[in-house]
Amino acid sequence: MAPKRRSAAAASNLTTIFDQSKIQEMKEAFTVIDQNRDGVITKEDLMDTYAAMGCLNVPKEELDAMIKEAKGPINFTTFLTMFGERLKGSDPEDTITAAFRVLDPEGKGTLKKEYLEEMLMTQCNRFTEEEIKNMWSAFPPDLAGNIDYKSISYTITHGEDKEE
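Residues numbered from 1 in each chain as written. Predicted model: local features only at pLDDT ≥ 70, side-chain atom pairs only at ≥ 80, totals over all residues. Heavy atoms only, no water.

A.B. asks: If you had to explain the overall build of the chain to someone new, which residues and values would you point to?
C.D. replies: Tallying secondary structure elements over the chain gives nine helices and two strands in all. In the chain, the succession of α and β elements from N to C terminus is α-α-α-α-α-α-β-α-α-β-α. The contacts of the chain with a sequence gap of at least 6 include a subset with a gap of at least 24, amounting to 53%. Carbon and sulfur atoms make up 55% of the accessible area of the chain, which amounts to about 11,500 Å² in all. (Helix = DSSP H or I, 4+ residues; strand = E, 2+ residues; numbered from the N terminus. Contact = heavy atoms within 4.5 Å. Areas by Shrake-Rupley, 256 points an atom, 1.4 Å probe, with all protein chains shown as cover.)

A.B. asks: An account of the nonpolar core is needed here, citing residue identities and associated values.
C.D. replies: Residues Ile41, Ile74, Phe76, Phe79 and Leu80 are the most contacted members of the largest nonpolar core, which totals 17 residues. Only helix H2 (20-33), helix H3 (43-52) and helix H5 (76-88) provide two or more residues apiece to this core. In this structure, Phe100, Leu116, Met135 and Phe139 belong to the second largest nonpolar core, which totals eleven residues. (Core = buried A, V, L, I, M, F, W, Y, C linked by side-chain atoms within 4.5 Å. Buried < 20%, exposed > 50% of the residue type's maximum accessible area, 1.4 Å probe, protein only.)

A.B. asks: Residue-level account of unusual backbone geometry, with values.
C.D. replies: A negative phi angle characterises most non-glycine residues, just as the trans form characterises most peptide bonds. For Arg37, which is not a glycine, the phi torsion comes out positive at approximately 55 degrees. Checked against the element boundaries, Arg37 lands in the loop between H2 and H3. A positive phi is found at Asn57, a non-glycine position, where the angle reads about 60 degrees. By the secondary structure assignment, Asn57 is in the loop between H3 and helix H4 (60-68). With relative accessibility at 78%, the residue Asn57 sits in the exposed group.

A.B. asks: Quick one: what's the story with the packing of helix H7 (residues 113-122) against helix H8 (residues 129-138), residue by residue and with numbers?
C.D. replies: What describes two packed helices is the angle between their axes and the distance between those same axes. Viewed as axis vectors pointing N to C, H7 and H8 meet at an angle of 140 degrees, and their least axial separation amounts to 11 Å. Judged by the twist between their axes, the crossing of H7 over H8 is right-handed. Contact residues: H7 offers Lys113, Leu116, Glu117, Leu120 and Met121, while H8 offers Glu129, Ile132, Met135 and Trp136. Along the lines of polarity and charge, the residues of the contact of H7 with H8 split into six nonpolar, no polar and three charged. (Axes fitted to C-alpha atoms, helices over the stretch in contact; angles between N-to-C directions. Left-handed = near helix turned anticlockwise from the far one by under 90°. Nonpolar A, V, L, I, M, F, W, Y, C, P; charged D, E, K, R; others polar.)

As structure tokens, this is what we get:
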């Protein structure tokens, strides 16, 4: 009986982390990754997904490590739980800010919208135009076209905009 309580608690916890629209988005992502549509993400599914994104020759050790993060087969519930745990335990704010700071050698605390957009749309995990549009609606640039990445880092780790 304890596992049922844990499952119910886990499901309840997931609904506090993800709203219904986010769960649907995650289901779509799971379906994209589950290349053979058997309801379980395997190392082969990950290899095929990476290949579809143009990332070939991903080390098998890296794929094995991803699969081993789950305690068993990665079905949709496990996938959602893993993402929930990642979001709940995301990198600290200073780590995320440091990642943005790499793109800001002058240390201004801001990045030009066009530069960040170009980086996000041309690197390995490329954003689509729709994702860029959604990002700008969530994190609009100022009138000069600057993006305050410290504010983005805060929002990622705290789930809401910093109160002024």
